[in-house]
Amino acid sequence: MTYDVRTIRKHFPALADGAAHFDGPGGSQVPDVVGEAVAGTLCAAIANRGTVTAAERRAGAVVAEARQAAADLLAADPAGVVFGRSMTQLTYDFSRALAKDWGDGDEVVVTRLDHDANIRPWVQAAATAGATVRWADFDPATGELDAAAIAALLSERTRLVAVTAASNLLGTRPDLPAIAAAVHDAGALLYVDGVHLTPHAVVDVAALGADFYACSPYKFLGPHLGLVAAAPALLETLHPDKLLPSTDAVPERFELGTLPYELLAGTTAAIDFLAGLVPGTGSRRSRLVESLHALEGHETALLGRLDAGLSAISGVTRYGSPDRHRTPTTLFSVAGVRSQAVYEHLGAQGVNAPASSFYAIECSRHLGLGDTGAVRAGIAPYTTEGDVDRLLAGLASLPR
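Quick caveat, the model's predicted, so the values are computed rather than measured. Within each chain, residues carry numbers counting from 1 in the order of the written sequence. Reporting of local features is limited, given that this is a predicted model, to residues whose pLDDT is at least 70; pairs of side-chain atoms are given and counted only at 80 or more, and all residues count toward the totals for whole chains, interfaces and linings. The side-chain quantities take in all heavy atoms of the structure and omit both hydrogens and water.

A. Local environment of the overall build of the chain. If you tally the helices and strands in the chain, you get 14 helices and 13 strands. Atoms counted for the radius of gyration: C-alpha only. Globule rule: 2.2 Å times the number of residues to the power 0.38. The C-alpha radius of gyration computed for the chain amounts to 21 Å, which stays within 12% of the reference 21 Å derived for 400 residues, consistent with globular compactness. Considered along the principal axes of its C-alpha atoms, the chain spans approximately 65 × 55 × 35 Å. Exposed residues in this analysis have more than 50% of their type's maximum accessible area, buried residues have under 20%, and partly exposed residues fall in between, with area computed by a 1.4 Å probe over protein chains only. Here the chain holds 400 residues, and the buried ones make up 56% of them. It only takes one pair of heavy atoms within 4.5 Å for two residues to be counted as in contact. In the chain, of all internal contacts separated by at least 6 residues, the share reaching a separation of at least 24 is 68%. Working note: accessible area of the chain is about 15,700 Å², and carbon and sulfur atoms make up 54% of it. Counted as positive: Lys and Arg. Counted as negative: Asp and Glu, with His and the chain ends omitted from the count. Where a charge lies is defined by one atom per residue type: Lys uses NZ, Arg uses CZ, Asp uses CG and Glu uses CD. Within the chain, the 44 negative side-chain charges are centred at a point lying 3 Å from the centre of the 31 positive side-chain charges. Under the scheme used here, helices are H or I runs from DSSP no shorter than 4 residues and strands are E runs no shorter than 2 residues, and both carry numbers assigned from the N terminus. With residues, only the protein chains shown are counted as cover, and all accessible areas are computed by Shrake-Rupley using a 1.4 Å probe.

Structure, rendered in structure tokens:
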């Protein structure tokens, strides 16, 4: 099925400003239907969830629809979808709940490839519980994290392994099924940061082997929100701190306070939009699979164009391995020019490609880039060949 990027772009009001957006890894632009869903829910009669009034039933329906939409996106159980303010907030919440059962001698494994949101909560929870943290390193030359690097750290005392599904800095996609097999053979749990993978690929939580899969709707065309998908039976074993009168039911017992109904409605709209990137029929899940396969083909072609263009520009260094399967994300620097200056030069030309470590601070340090990182260009569903060419032309005109 042909991916028609020009038709898709018509649904993004923000693109009328004329900028070429390569800042999607930090938060994508939003289609019109998402804004309409958010506004429509805010303006509708709505109340705390219940069954007596129409306003209560409307709130309940919004939540149920969002859980089902997220479940369709991730091939998960809607009864195990937990919503929260952000992936970071939810990961802190789950780290505290899981660490209640950790103690001296227990171990957790984190990686230097990850965003800090899938590192620091576990490091801090381990410190509170008296557990030991073990670090898995990736190869700085290729950006690859070998499953063996994690397997070598596992023992009978390992309680949890936290790993990214795709590096938000390099786009690297570790072999999650292989990692999951090793983790589960050791009797441990696997917590996967899927924030950077979910916007770019078909996700099946069970096939990946994730016990917990966290992601952020605002990275896949939705509003600012976070979610975690897990098996309901696993969630039943965890007892988070909560208010006395709040329900003890799963998944609600993990959701503190009243949910943001308007953002949940926007999340459902974003997932429906993704399901319609190419025409199709059938279930939402089947349409998502077809659309995301088409999107991956579109983004991979643009990534190849970008990588080829960057390799032709003198003084540009790309990090990670462009020959490996990765998300459409490129990290680069220009010899003799501060990355912040590259960012500002491109920004002045209407090309949004920011420079930072983007909270993947351990990754940036391991690459030798320190805390400041480099320039990141991420391709999104609305990116065109013209956008890529504008970025490359901007770099070619960079004062040296």
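Structure's up, so let's keep going.
B. Region of interest: the packing of helix α3 (residues 54-74) against helix α11 (residues 284-311). Packing of α3 against α11 brings their axes to within 8 Å, and their N-to-C directions diverge by 50°. Classed by the angle they form, the pair α3 and α11 counts as oblique. As α3 runs across α11, the sense of the crossing is right-handed. Where α3 approaches α11, its residues E65, Q68, A69, D72, L73 and L74 are matched on the opposing element by R284, R285, L288 and L292. When the residues that make up the contact of α3 with α11 are grouped by side-chain class, the tally is five nonpolar, one polar and four charged. To get an axis, fit a line to the C-alpha atoms, keeping to the stretch in contact for a helix; angles then go from 0 to 180 degrees between the N-to-C directions. With respect to orientation, any angle under 35 degrees is reported as roughly parallel, any angle over 145 as roughly antiparallel, any angle of 65 to 115 as roughly perpendicular, and every other angle as oblique. Note on convention: near helix rotated counterclockwise from far helix by under a right angle means a left-handed crossing. Clockwise means right-handed. Residue polarity follows a fixed list, in which Ala, Val, Leu, Ile, Met, Phe, Trp, Tyr, Cys and Pro are nonpolar, Asp, Glu, Lys and Arg are charged, and the others, Gly among them, are polar.

C. Up close: the packing of aromatic side chains. Classification of ring pairs uses Phe, Tyr and Trp, with its six-membered ring standing for Trp, and accepts pairs whose centres are within 6.5 Å; under 30 degrees between planes counts as stacked, over 60 as edge-to-face, and the remaining range as tilted. Under the criterion given, the structure shown has seven aromatic pairs. Taken together, a centroid distance of 5.5 Å and an interplanar angle of 55° make the contact between F94 and F212 tilted. Residue F94 is located in helix α4 (residues 87-99), and its partner F212 is located in strand β7 (residues 212-215); the two are separated by 118 residues in the primary sequence. Both residues of the pair, F94 and F212, belong to the buried class. Feature note: the residues F94, W102, W122, Y191, F212 and F254 constitute an aromatic cluster, connected by ring pairs. Put simply, a charge is over a ring when the Lys NZ or the Arg CZ is close to the ring centre, within 6 Å, and near the line of the ring normal, within 35 degrees. The aromatic ring of F358 is capped on one face by R376, whose charged end is 3.7 Å from the ring centroid.

D. View of the pattern of salt bridges. Just to be clear on terms, a salt bridge is a Lys or Arg side-chain nitrogen sitting within 4 Å of an Asp or Glu carboxyl oxygen. By the definition in use, this model includes 23 salt bridges. In this structure, the salt-bridge partner of R253 is E236, at a minimum N-O distance of 3.7 Å. Here E236 lies in helix α9 (residues 232-236) and R253 lies in the loop between α9 and α10 (261-275), a separation of 17 residues in the sequence. A residue is classified by how much of its surface remains accessible, and R253, at 3% relative accessible area, is buried. Classification of E236 by relative accessible area gives partly exposed; the value is 43%. What you see here is one network of salt bridges that share partners, running through R112, D116, R120, D137 and E362.

E. Here's a closer look at helix α14 (residues 385-396). The end-to-end C-alpha distance of α14 is 16 Å, a good match for the 16 Å that 12 residues give at a rise of 1.5 Å each. The opening residue of α14 is T384, an N-cap whose side-chain oxygen sits 3.3 Å from the backbone nitrogen of G386. The length a helix should cover is 1.5 Å for every residue beyond the first. For this analysis, a polar contact is any N or O atom pair within 3.5 Å, provided that within protein one partner can donate a hydrogen and the other can accept it, and provided that sequence-adjacent residues contribute only side-chain to side-chain pairs.

F. Representation of the nonpolar core in the model. Core analysis: the largest hydrophobic core is formed by 78 residues, its most contacted members being L74, F83, L170 and Y213. Counting residues in hydrophobic clusters, the runner-up holds 29 residues, among them A99, W102, A117 and L234. The set of buried Ala, Val, Leu, Ile, Met, Phe, Trp, Tyr and Cys residues whose side-chain atoms join them within 4.5 Å is what this entry labels a nonpolar core.

G. Region of the structure containing the pairing of strand β3 (residues 107-111). The element β3 is largely enclosed, with a buried count of five among its five residues. Alternating residues of β3 divide into E107, V109 and T111 and V108 and V110, and every residue in both groups is buried. Paired strands are those between which DSSP finds at least two bridges. The sheet contact formed by β3 and strand β4 (residues 132-136) spans five bridges and is parallel. Following the sheet pairing, V108 is matched in β4 by V133. This β-α-β element, β3 to helix α5 (residues 120-129) to β4, shows right-handed connectivity. Pairing of β3 with strand β5 (residues 158-164), which is carried by three bridges, proceeds in the parallel orientation. By the bridge assignment, V109 is partnered in β5 with V161. Seen with the strands pointing away from the viewer, any crossover whose path from the first strand over the helix to the second strand runs clockwise is right-handed.

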